[in-house]
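In case you want the letters, here they are:
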Amino acid sequence: MSENENNKSSNKMWGGRFGSGPDAIMEEINASIGFDKKLYAQDIEGSMAHAQMLADNGIISAEDRDKITHGLNTISSEIESGQFEFSRALEDIHMNIEARLRELIGPTAGRLHTARSRNDQVALDFRLWVKAELGKTAKLLEQLISAFVKRAEEHADTVMPGFTHLQTAQPVTFGHHCLAYVEMFYRDLSRVLDCIDRLDECPLGAAALAGTGFPIDRHQTAKALGFREPTRNSLDSVSDRDFAMEYLSLATICATHLSRLAEEIVIWSTPQFNFVKLSDSFSTGSSIMPQKKNPDAAELVRAKTGRINGAMVGLLTVMKGLPLAYSKDMQEDKEQVFDAANSLELALAAMAGMVADMHVNKDAMQKAAGSGFSTATDLADWLVREAGLPFRDAHHATGAAVALAEKQNIELHEIKLSELQEINSAITEDIYSVLTVQASVASRKSFGGTAPDNVREQIKYWKSKSWLSN
Ligand code: ARG
């Protein structure tokens, strides 16, 4: 980028009343081209639709529209092939493109900005960018959900310990655990779709803040640019960044889900747990300890949450206290969103890969599921069901059985019948049928419960969704 090239003369775009150009520091703090060049495709798309609408409504001639369109196409190829020279003196993507258009087609280029301001232009470009990003996020979420549904199908019967407080609570199926994440990521997906629905209004034509006296057709441009309708208030159109804040909000919630999952993967892949083994494609070795296989991808997914949360707080802080309508502060909206989007895309893709690839160690899960007196609740439930005890009394009797097993260093199903009968005389041989983990999970058939049959029902439900890939 050529620096200070325009420092002596005033800005060609807005410098009519200025005697000299900006100070070097002013130029540096003012410029956004370093990051908003990412919006070039949206900027050109918006300009094309605007030029077409201006011509259709007799505001510019058809010839001028053709010249402008041709010039914009040339610029698009120049940028895509890396030939375009971005200039910091020209501040931002809008003026870089307009200045190049003038070089290519002469003063006609100046007609493009009729009935438009950079304020509605940037609001449009950024909205289009966020909308496209939401589309990508939706696809990535669908992939991750599909990966989980597949794993759930393979492991509808695989038992593992279910935890509360990270202490063994009750046995669950791994399929059920996978489907819990499907629920979380599906909520994220629905937030993405809500966000697209709400941002689907086109701000182009709001001009600087008050609309315009030219006979523009905002419905035409909204339609041409793929929006449902034009925005209804010009002041709000140029001052609104809710779509970016909403995107970041849903991104932070999704990143939080990813981070929780990453944490589980980190724990599960320790030799102590050994529930899963990440594939070589999603782990690294240690340069000093040859035995190690580190879950780096999961750790980095967990860490990306920090950047995404930071972006959310950053943008909220930029926007707070801004009066209507546009303020230059709002130029600081983009980098936060770009960085968060990059992080979220990476994290979702890495997680889908890890989930699809990881080896699930059924034996270790099964063994852990049966330890830690995980079927104690089943014992208590048996006493309620078969011996008619109030649950609280059953809970107490079961506590005594757990204490006994702990003392003898055995599991619940290994306690002798006579010893169980000393705790409660109503206990019969039948009790052993509920003390295995398989029996425990199979019995939890209440709607939403962990039983393998339920898991299979839920898988059918997810598989009926048209977007789920198989
Ligand atoms: N680069 C600016 C931004 O990102 C474009 C809008 C500038 N508008 C203005 N009135 N100076 O917000």
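Our structure's up above, just so we're on the same page.
Described in the following lines is the structure provided in the data block. Here the structure is a predicted model, which means the values were calculated and not measured.

Further remarks concern the overall build of the protein. When you go through the protein residue by residue, the secondary structure sums to 18 helices and eight strands. By the compact-globule yardstick of 23 Å for 470 residues, the protein is too spread out, its C-alpha radius of gyration being 31 Å. Along the first, second and third principal axes, the C-alpha set of the protein runs to 100 × 50 × 40 Å. Taken over 470 residues, the protein has a buried fraction of 51%.

What follows covers the packing of helix α7 (residues 174–199) against helix α10 (residues 242–268). The N-to-C vectors of α7 and α10 enclose an angle of 165 degrees; their axes lie 9 Å apart at closest approach. What the angle tells us is that α7 and α10 run roughly antiparallel. When the axes of α7 and α10 are compared, the crossing they make is left-handed. Of the residues in α10, those in contact with F174, H177, Y181, M184, F185, D188, R191, V192, C195, R198 and L199 of α7 are F243, E246, Y247, L250, I253, C254, H257, L258, R260, L261, E264 and W268. Of the residues that constitute the contact of α7 with α10, the class distribution is 15 nonpolar, two polar and six charged.

This part takes up the site of the ligand. In the vicinity of the ligand, the residues found are S32, D36, D92, H94, R118, N119, V122, Y326, Q331 and K334. Within the contact set of the ligand, a nitrogen atom lies 2.7 Å away from a side-chain nitrogen or oxygen of Q331. One of the side-chain nitrogen or oxygen atoms of K334 is found 2.6 Å away from an oxygen atom of the ligand. Within the complex, 86% of the 340 Å² of free accessible area of the ligand lies under protein. If you tally residues by element for the shell around the ligand, the top one is helix α6 (residues 118–154), at three residues. Split into classes, the residues belonging to the shell around the ligand amount to two nonpolar, four polar and four charged.

Next up on the list: the nonpolar core. With 100 residues, the main nonpolar core has Y247, L258 and M351 as its most contacted residues. The greatest single-element share of this core, amounting to 15 residues, is contributed by α10. The residues contacting M351, other than those within four sequence positions of it, are L144, L258, L261, A262, I265 and V301. Ranked by size, the runner-up nonpolar core spans 20 residues in total, among them L379, A380, A397 and V434.

A separate point is a nonpolar patch on the surface. On the surface, L209, L235 and L324 cluster together into a nonpolar patch covering about 270 Å² of accessible area. Among the structural elements, L324 can be located in the loop between α11 (296–319) and α12 (334–357).

Our next topic: the side chain of R151. Positionally, R151 belongs in helix α6. A polar contact is formed between the side chain of R151 and the backbone oxygen of V355, at a distance of 2.9 Å. Here A356 takes part through its backbone oxygen, which lies 3.2 Å from a polar atom of the side chain of R151. For R151, the residues in contact, after removing those within four places along its chain, are C178, V355, A356, D357, M358 and V360.

It is worth spelling out the side chain of S374 at this point. Position of S374 among the secondary structure elements: in the loop between α13 (362–369) and α14 (376–387). The buried category is assigned to S374, whose relative accessible area is 1%. In terms of polar contacts, S374 uses its side chain to reach the backbone carbonyl oxygen of A369, at 2.4 Å. In this structure, S374 is in contact with T168, A169, Q170, P171, A369 and V437, ignoring residues within four places of it in sequence.

Cut-off values and rules
Every chain begins its residue count from 1, and numbering advances along the sequence as written. Selection of residues for local features in this predicted model requires a pLDDT of at least 70, selection of side-chain atom pairs for listing and counting requires 80 or more, and totals for whole chains, interfaces and linings are taken over all residues. The side-chain numbers reported here are obtained from all heavy atoms of the structure, hydrogens and water having been left aside. Put simply, DSSP H or I for four residues or longer makes a helix, DSSP E for two residues or longer makes a strand, and each gets a number counted from the N terminus. The quantity called the radius of gyration is restricted to C-alpha atoms. Its globule counterpart is 2.2 Å times the number of residues to the power 0.38. Note on exposure labels: buried denotes an accessible area under 20% of the residue type's maximum, exposed denotes more than 50%, and partly exposed covers the range between, all computed with a 1.4 Å probe on protein chains only. Helix axes are fitted only over the stretch in contact, all axes being lines through C-alpha atoms; the angle between N-to-C directions runs from 0 to 180 degrees. For this classification, under 35 degrees means roughly parallel, over 145 means roughly antiparallel, 65 to 115 means roughly perpendicular, and everything else is oblique. Left-handed describes a crossing in which the near helix is turned anticlockwise from the far one by less than a right angle; the clockwise case is right-handed. Between two residues, a contact is recorded if the distance between any of their heavy atoms is within 4.5 Å. Gly is placed with the polar residues, together with every amino acid not listed as nonpolar (Ala, Val, Leu, Ile, Met, Phe, Trp, Tyr, Cys and Pro) or charged (Asp, Glu, Lys and Arg). Any residue with a heavy atom positioned within 4 Å of a molecule or strand is treated as near that molecule or strand. Pairs of N or O atoms within 3.5 Å make up the polar contacts considered here, provided that, within protein, one atom can donate a hydrogen while the other can accept it, and that residues adjacent in sequence are counted only when both atoms are side-chain atoms. Computed by Shrake-Rupley with a 1.4 Å probe, the accessible areas treat only the displayed protein chains as cover when residues are assessed. By nonpolar core is meant a set of buried Ala, Val, Leu, Ile, Met, Phe, Trp, Tyr and Cys residues that side-chain atoms within 4.5 Å join together. Each patch is built from salt-bridge-free residues with over 30% relative accessible area, joining like charges within 9 Å and nonpolar side chains (Val, Leu, Ile, Met, Phe, Trp, Tyr) within 5 Å. What makes a salt bridge here is a side-chain nitrogen of Lys or Arg within 4 Å of a carboxyl oxygen of Asp or Glu, nothing more.

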